[in-house]
Amino acid sequence: MKINDYIYLATKNVLSERKRYMRYIALLSISIIILIFSLTFKESINDYVEKNIKNNIFYRTIYVGNPNFKRDEGLIKKVEEISHIEKIIKQENFSTYVNANIEDIQQNEGSIKLIGCNENISPSIIKGRYITDEDKNVCIIPKEFYIGDINDKYNETDIIDGEKLIGKKITVSYSMYEYKELGPVIIQTYTDDFYVVGIYDNNINMGYPNECYVSFNDVENINKIILTGANIGNGDILVIADNWNNVDGIISELEKQGFSTQLYSVPNYILIDIINIIGITMFTLMLILSISTMIINSIKTSKDREKIYGLLKTVGYSKKNILIINFIENIIIGLISFIIGVIISLIIIYIINNLLYNFNFEIRHINLKIKVLTYLMSIFISIFIPNFASMVSNIIIVKKSIIQNKEGD
Amino acid sequence: MSEEINLKNGYKIYKKTSETIKALNNVDLKIEKGKFYAIMGHSGSGKSTLIQILGLLDSLTSGKLYIDGKETSNMKENDKTYIRMKKIGFVFQSFYLNPKLKAIENVMLPMYINKEIKGRERKQRAKDLLKSFNLSDRINHYPKELSGGEQQRVAIARALANNPEYILADEPTGNLDIDNEKIVLDLLKKLTREGKTVVVVSHNEIVKDYADEIYYMSNGEIRSKI
């Protein structure tokens, strides 16, 4: 029997029994939706945790205490030898505070924090571009931007939509001081214009609404002015790991060399664990539900066709013929169910993403997204599971005598 | 090679938990080419079991069955399947049509596994068969849209799809009224004139009028032959 005859008969069978198969396809599609959703949920949560929690800059930044308690350039050279370090920064060059003002925006004069960054050490940009080491006088600001002391109470109306400031300029001012016994005295005030090139979400990056990112060089240059004449300090440095997974290793190496260390910020491990447990549990339950539904339906559908198999055997079809026809039928049904499942999954995920975004909670940024591997796994399972399940029952059925098949025994 | 079906010392025994049932008890039977055979008997006499064994729908517990000179008891399943496809056409009391296929599709069904009938020929052949049974205007009807007699004629057309030598019919008129009974039996008789061998199992006495040879069965044995 030729392959196109098999395909023709299988297609004919599916079309001629479409009422019965519609129920089966509906259930199989639901199984596939559950499967796609569980895989997507698990992967999206993993990605979210990996990108926004684990690899947040602050979770990768380590304060390194200088045991000599004095500035020492040799210290940096020692630390540089440790692997998996993205960048080493003198503490005074990591961040600074400046006054800020935006033209044409009412009631916005206050202080903001400028933090150094480059394209590898940066919050995730949601619009615009990253800053490079070569950039000068550009900044990335929070999506919900506040100019002022975050310790003060501020109203929602004080928040500026950062997206509207892309391309606009923020004028910062800072002063050179003379440090006298009674305290610092302003010698000269400087101003600089920074143009907004991107925005980030301070909620998912654990930042404050007045924290802006500029190039490391810009921070260094400003601090050179501000800290002129100041006793700069004990020479502590900040070390930024290339990946959150390498932080412990770096800390271990630093401590072996006699440095004291402290993480700039510690992730909420409990939250991460909870998210992972929920993700894995949901995934496992959904996978079991999905596959068991497919198996049960496949077996039931095979049993319903026993009499037809008997007829085919009567007119001379071999067991192999029947099994191949059934195999192709299951592929057709699997493909139809997969397509329906994908379309509905995409719609559901779109709705969920939009609903999540309305939550004023970290989880709103999870952004469920179906990956290629999920598609491949789903199509494989949608074809393999029904075939596997029905193959087992089909083999039992075709092994029966024709008379048993005919009676539907 | 002799063109006949030959059953020698045929036994078919079913073992239940508390008893043993001999559906066939030492049956000898020879079916020769081109004749119309009737196997008669009351319900439970073993005639259906006999025809199922002759048609390779079931197997003997012991004994030998020869089809065109080839002994079938140790045959591989694929070889039996081939014989069923090529040499035997079966007609059932309940028609046993696929309810989801039209009449013409039911008739074409056996042709897909016959390499000698090419793709384009199948439909034409099916049409010709249905036309010869006065069903030209019913070819696109589903079984539920046909009368009992029409369904049985479709079933006979299907049985002839691969031009087999033997037509085995198990109570082919069991579900038909008198008029349709006659139509179906006339058709089957006509086949023997065309050189085919027809074996009909029935409890209906009218079949005797068509048969060249008649066997009576009782309790799994052939009691007499006319």
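Above this text you will find the structure in question.
Please read these numbers as outputs of a predicted model, since none were measured by experiment.

The rules behind each value
Residues numbered from 1 in each chain as written. Chains lettered and ligands numbered in written order. Predicted model: local features only at pLDDT ≥ 70, side-chain atom pairs only at ≥ 80, totals over all residues. Heavy atoms only, no water. Helix = DSSP H or I, 4+ residues; strand = E, 2+ residues; numbered from the N terminus. Buried < 20%, exposed > 50% of the residue type's maximum accessible area, 1.4 Å probe, protein only. Contact = heavy atoms within 4.5 Å. Areas by Shrake-Rupley, 256 points an atom, 1.4 Å probe, with all protein chains shown as cover. Phe/Tyr/Trp six-rings, centres within 6.5 Å; stacked < 30°, edge-to-face > 60°. Pairing = 2+ DSSP bridges. Right-handed = clockwise from strand over helix to strand, strands pointing away. Polar contact = N/O pair within 3.5 Å; in protein donor to acceptor, adjacent residues only side chain to side chain. Buried area = accessible area lost by both parts, 1.4 Å probe. Salt bridge = Lys/Arg side-chain N within 4 Å of Asp/Glu carboxyl O. Nonpolar A, V, L, I, M, F, W, Y, C, P; charged D, E, K, R; others polar. Axes fitted to C-alpha atoms, helices over the stretch in contact; angles between N-to-C directions. Patch = residues over 30% accessible without salt bridge, like charges linked within 9 Å, V, L, I, M, F, W, Y side chains within 5 Å. Lys, Arg positive; Asp, Glu negative; His and termini not counted. Charge placed at Lys NZ, Arg CZ, Asp CG, Glu CD.

Enquirer: Help me out: how do you make sense of the overall build of chain A in this one?
Expert: Summing up its helical and strand segments, chain A has 11 helices and 13 strands in all. Here chain A holds 409 residues, and the buried ones make up 48% of them. Partitioning the contacts of chain A with sequence separation of at least 6, the portion at a separation of at least 24 is 79%. Of the roughly 20,600 Å² that chain A leaves accessible, carbon and sulfur atoms contribute 58%.

Enquirer: Help me understand the packing of aromatic side chains, please; the structure alone is not making it clear to me.
Expert: Each aromatic ring pair is specified by the distance between its two centres and by the angle formed by the two planes. Residue and element names in this part refer to chain A. Counted according to the given criterion, the structure contains 8 aromatic pairs over all chains. With a centroid separation of 6.0 Å and 10° between ring planes, the pair formed by Tyr174 and Tyr190 is classed as stacked. In this pair, Tyr174 sits in strand E9 (residues 169–180) while Tyr190 sits in strand E10 (residues 183–200), placing the two residues 16 residues apart along the sequence. For Tyr190, a relative accessible area of 23% corresponds to the partly exposed category.

Enquirer: It is not clear to me how the pairing of strand E7 (residues 166–170) of chain B should be interpreted in this structure. Could you clarify?
Expert: In the case of a regular strand, side chains alternate between the two sheet surfaces. All names here are of chain B. Across the 5 residues that make up E7, a large majority, 5, are buried. Side chains Tyr166, Leu168 and Asp170 project from E7 onto one buried face, and the interleaved Ile167 and Ala169 project onto a second face that is buried too. Pairing geometry for strand E6 (residues 88–91) and E7, over 4 bridges, is parallel. Residue pairing in the sheet places Phe90 in a bridge with Leu168 of E7. Between E7 and its parallel partner strand E8 (residues 197–202), the chain crosses via helix H6 (residues 178–193), and the hand of that crossover is right-handed.

Enquirer: Is there a simple way to explain the environment of Asp161 of chain A in this structure?
Expert: All names here are of chain A. Tracing the backbone through its elements, the reader meets Asp161 in strand E8 (residues 160–161). Along the chain, Asp161 and Ile141 lie 20 residues apart, while their C-alpha atoms are 9.9 Å from each other. Within polar-contact distance, the side chain of Asp161 engages the backbone nitrogen of Glu163 at 3.1 Å.

Enquirer: Help me understand the interface of chain A and chain B, please; the structure alone is not making it clear to me.
Expert: Frequently, the measure chosen for interface size is the accessible area that the parts lose on association. Counting from both sides, the interface comprises 25 residues of chain A and, opposite them, 24 residues of chain B. A buried area of about 2,200 Å², summed over both sides, lies between chain A and chain B, and 65% of it is on carbon and sulfur atoms. Counting every contact that joins chain A to chain B gives 2 salt bridges. The tally of links between chain A and chain B comes to 5 residue pairs in polar contact (both at pLDDT 80 or more). Broken down by secondary-structure element, the contributors of at least two residues to the side of chain A that touches chain B are helix H1 (3–16), helix H8 (306–314), helix H9 (319–357) and helix H11 (402–407) of chain A. Residue contributions to the side of chain A that touches chain B peak at 7 residues, all from H8 of chain A. Class assignment of the residues belonging to the side of chain A that touches chain B gives a composition of 10 nonpolar, 8 polar and 7 charged.

Enquirer: I would appreciate a short explanation of the sheet that holds strand E4 (residues 62–67) of chain B in the present structure.
Expert: Sheet strands associate in pairs through backbone hydrogen bonding, adopting either a parallel or an antiparallel arrangement. Residue and element names in this part refer to chain B. Strand order in the open sheet made by the 4 strands is E2-E1-E4-E5, with antiparallel pairing throughout. Edge positions in the open sheet fall to strand E2 (20–32) and strand E5 (70–71), since each of these has one partner strand only. Across the sheet, helix H1 (residues 47–54) touches strand E1 (4–15), E2 and E4, and the angle it forms with E2 is around 55°.

Enquirer: Would you mind showing me how to read a positive patch on the surface here?
Expert: A cluster of basic residues, Arg18 and Lys19 of chain A together with Lys100 and Lys144 of chain B, forms a positive patch on the protein surface. A residue is classified by how much of its surface remains accessible, and Lys100 of chain B, at 35% relative accessible area, is partly exposed.

Enquirer: Would you mind showing me how to read a negative patch on the surface here?
Expert: All names here are of chain A. Side chains of Glu86, Glu119, Asp133, Glu134 and Asp242 sit close together on the surface and give a patch of like negative charge. Within the element layout of this structure, Asp133 appears in the loop between strand E5 (125–128) and strand E6 (138–142). Given the relative accessible area of 30%, Asp133 is considered partly exposed.

Enquirer: Explain unusual backbone geometry here, please?
Expert: Most peptide bonds take the trans configuration, and most residues that are not glycine carry a negative phi. Residue and element names in this part refer to chain A. Its identity as a non-glycine residue notwithstanding, Asn137 has a phi of 60°, on the positive side. Positionally, Asn137 belongs in the loop between E5 and E6. According to the relative accessible area criterion, Asn137 is buried, its value standing at 19%.

Enquirer: Just to check I follow, could you spell out the sheet that holds E7 of chain B for this structure?
Expert: All names here are of chain B. Spatially, E6-E7-E8-E3-E9-E10 is the arrangement adopted by the 6 strands of the open sheet, whose pairing is mixed. For this open sheet the edge positions go to E6 and strand E10 (221–225), each flanked by a neighbour on one side alone. Direction aside, neighbouring strands of the sheet carry axes that sit 20° apart on average.

Enquirer: Would you take a moment to explain the pattern of salt bridges for this structure?
Expert: Side-chain pairs of opposite charge can arise where the charged atoms are in close proximity. Considering all chains together, one arrives at 21 salt bridges over all chains under this definition. Where Lys12 of chain A meets Glu105 of chain B, a salt bridge forms, and the shortest distance between an N and an O atom there is 2.6 Å. Of this pair, Lys12 of chain A sits in helix H1 while Glu105 of chain B sits in helix H3 (residues 103–108), each in a different chain. One salt bridge in this structure joins Lys12 of chain B and Asp58 of chain B, with 3.3 Å as the shortest N-O distance. Linking Lys12 of chain B in strand E1 with Asp58 of chain B in the loop between H1 and E4, this pair joins segments that are 46 residues apart in sequence. Here Lys12 of chain B falls in the buried class, since its relative accessible area comes to 9%. Taken together, the shared-partner salt bridges in this structure form one network comprising Glu32, Lys35 and Glu213 of chain B.

The analysis is restricted to geometry; functional conclusions fall outside its scope.
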